[in-house]
Amino acid sequence: MTDETTPTAVEVNCETQEVTTRPLTADEIAAQAAAAQAAADQKAAADAAAAAQAAKLAATNQKLIGLGLTQDDIDTLLAAAKA
Amino acid sequence: MAATYNLISSQVLGSSAASVTFSSIPQTYTDLVLRISARSDFSGVVENMMFSFNSDYSGSYSDTALRGNGAAASSVRDTSALSIYWSAAGNISTSNTFGSAEIYIPSYTASQYKPLSGIGAGETNATTAYMGATAGLYRGSTSAISSILISVGNGSNWLTNSSFYLYGIKNS
């Protein structure tokens, strides 16, 4: 039985089909934490870029409304542009 | 007719685990395919499912990812990643839904850097779901891939019944 506070690693040996369950080593925990942080940073950057793009689109939409277009006009233009 | 798509090994978790590794991968196939259905204990919608080869965490991965959640789309490029990741379901996704991913690794025994491609989805059946497509490259070594580690990025564990299948593709 493993310590429930220690993450567990499952390893499948493809040659023998033997399955081994063991606690992660300190090095493995550190390496995975670093990789996880890097992945989280990458996703945060992607989310921030997507949010900025959405905000820019919303601002542009408002500018068009300010010029007198209706939302229906804008949607029609966008649909035509995507076609 | 030759069997060209063979199940090498699989693992369906009977209890939670932080990572699943396929080791001693036979070098007798042309390409590899990973098919995964997974859910983690992360208290969010989307878990980062991370892949590492040959126990290498040295920043030798690069990837370009496209992602969308139904409201916005984004693209990211990372040239020195510690792993390559796809979306999976986190633990506030709709109960009992699992994220899914398929990763194709061509020419995994060739003496060259290892390209790969994949698609993945973090399902919720509710408000927000992520899907992503990734093109990746492992540049740590030109050695054949002999092990693949799939680990959680945000949470602590893959939950019970998460399933991992490794297939070998032969070209004849």
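Just so we're clear, the structure is a prediction, and the values are computed from it rather than from any experiment.

1. Topic: the interface of chain B and chain A
Of the residues lining the interface, 34 residues belong to chain B; the matching set on chain A comes to 28 residues. For the side of chain B that touches chain A, the elements supplying multiple residues, two or more each, are strand E1 (5–12), strand E2 (19–23), strand E4 (46–53) and strand E6 (73–81) of chain B. Grouping the amino acids of the side of chain B that touches chain A by side-chain chemistry returns 17 nonpolar, 15 polar and 2 charged. Of the pairings in the sheet, the one linking strand E1 (residues 8–13) of chain A to E2 of chain B comprises 5 bridges and is parallel in character. Looking across to E2 of chain B, one finds that Asn13 of chain A is bridged to Ser23 of chain B.

2. Let's talk about unusual backbone geometry
All names here are of chain B. A positive phi angle is found at Asn54, which is not glycine, with a value near 50°. Mapped onto the secondary structure, Asn54 falls in the loop between E4 and strand E5 (61–68). Judged by the 18 C-beta atoms lying within 10 Å of it, Asn54 falls in the partly exposed class. Its identity as a non-glycine residue notwithstanding, Asn161 has a phi of 80°, on the positive side. As for its position among the elements, Asn161 is in the loop between strand E11 (148–152) and strand E12 (163–169).

3. Topic: the confidence of the model for chain A
Looking at chain A as a whole, the pLDDT averages 84, with 93% of positions reaching at least 70. Element-level pLDDT for chain A is lowest in helix H1 (residues 26–66) of chain A, with a mean of 82, against a maximum mean of 95 in E1 of chain A.

4. Comments concerning the pairing of E2 of chain B
Residues and elements named next belong to chain B. Within E2, 4 of the 5 residues are buried, which leaves it mostly tucked inside the rest of the structure. When E2 meets E11, the two strands line up antiparallel, connected through 4 bridges. Pairing of Val20 across the sheet is with Ile150, part of E11.

5. So, the pairing of E12 of chain B
All names here are of chain B. The side-chain alternation of E12 yields one buried face, formed by Phe164, Leu166 and Gly168, and one unburied face, formed by Ser163, Tyr165, Tyr167 and Ile169. The sheet contact formed by E1 and E12 spans 7 bridges and is antiparallel. Paired with Leu7 across the bridge in E12 is Tyr167. The pairing of strand E3 (residues 31–38) with E12 spans 7 bridges and is antiparallel. If you follow Arg35 over to E12, its bridge partner there is Tyr165.

6. Notes on the confidence of the model for chain B
All names here are of chain B. Here chain B averages 86 in pLDDT, while 92% of its residues score no lower than 70. Within chain B, strand E7 (residues 84–89) has the poorest average pLDDT of any element, 68, and E12 the best, 97. Note on the complex model: pTM 0.81, ipTM 0.88.

Analysis parameters
- Residues numbered from 1 in each chain as written.
- Chains lettered and ligands numbered in written order.
- Predicted model: local features only at pLDDT ≥ 70, side-chain atom pairs only at ≥ 80, totals over all residues.
- Contact = placed C-beta atoms within 7 Å.
- Helix = DSSP H or I, 4+ residues; strand = E, 2+ residues; numbered from the N terminus.
- Nonpolar A, V, L, I, M, F, W, Y, C, P; charged D, E, K, R; others polar.
- Pairing = 2+ DSSP bridges.
- Buried ≥ 20, exposed ≤ 12 C-beta atoms within 10 Å, placed from the backbone.
- pLDDT = per-residue confidence, 0-100.

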